[in-house]
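Inside the fold
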Amino acid sequence: MSLHNAHRLVRAVQRRERLVEATTLLTGVALPAGLLLTAIALAATRRLGTPEALAWLGLAPIPLVLLWAALRPRPARAAARLLDAHYQLHDLLG
């Protein structure tokens, strides 16, 4: 396996890890937080007369979570070790 192919595989694993983290954070953090913010905004609209546009704040956690998953640094060594373990390469990449 050439060094270029190894780097491509490691980058592919890192992309998949980002996608998994984004999906997990969307369902576990962003959606519940968004629903809570929307419920609070709607209750405030009915009780306190705040503007209804405040309910759009419920969408705020989504881009924050996606940015976190996209920009958080990922160590290439950890991805290489995952590949080693999966393909039983005996620490060839890591």
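Above this note sits the structure.
All values reported here derive from a predicted model rather than from experimental measurement. (Residues numbered from 1 in each chain as written. Predicted model: local features only at pLDDT ≥ 70, side-chain atom pairs only at ≥ 80, totals over all residues. Heavy atoms only, no water.)

In this section: the side chain of glutamate 21. For glutamate 21, the location among the structural elements is in helix α1 (residues 3-48). Look past the residues within four positions of glutamate 21 in its chain and what remains in contact with it is Trp68, Ala69, Arg72 and Arg74. (Helix = DSSP H or I, 4+ residues; strand = E, 2+ residues; numbered from the N terminus. Contact = heavy atoms within 4.5 Å.)

At their nearest, the axes of α1 and helix α2 (residues 61-71) sit 8 Å apart, and the two run at 160° to each other. As judged from the angle between their axes, α1 and α2 are roughly antiparallel. As for the relative orientation of α1 and α2, their crossing is right-handed in sense. Residues Arg18, Glu21, Ala22, Leu25, Leu26, Val29, Ala30, Ala33, Gly34 and Leu37 of α1 form the contact with α2, whose own contacting residues are Pro61, Ile62, Val65, Leu66, Trp68, Ala69 and Ala70. Among the residues forming the contact of α1 with α2, the class breakdown is 14 nonpolar, 1 polar and 2 charged. (Axes fitted to C-alpha atoms, helices over the stretch in contact; angles between N-to-C directions. Parallel < 35°, antiparallel > 145°, perpendicular 65-115°, else oblique. Left-handed = near helix turned anticlockwise from the far one by under 90°. Nonpolar A, V, L, I, M, F, W, Y, C, P; charged D, E, K, R; others polar.)

Looking now at the pattern of salt bridges. With the rule as written, the count across this model stands at 2 salt bridges. Across the pair glutamate 21 and arginine 72 runs a salt bridge whose closest N-O atoms are separated by 3.1 Å. With glutamate 21 in helix α1 and arginine 72 in the loop between α2 and α3 (76-87), the pair connects residues that are 51 residues apart, well separated along the chain. Residue classification places glutamate 21 among the buried residues on the basis of a relative accessible area of 17%. Overall, the relative accessible area of 28% leaves arginine 72 in the partly exposed class. When the shortest N-O distance is used, the salt bridge between arginine 74 and glutamate 21 registers 2.2 Å. Of the two residues, arginine 74 sits in the loop between α2 and α3 while glutamate 21 sits in helix α1, which places them 53 residues apart along the sequence. (Salt bridge = Lys/Arg side-chain N within 4 Å of Asp/Glu carboxyl O. Buried < 20%, exposed > 50% of the residue type's maximum accessible area, 1.4 Å probe, protein only.)

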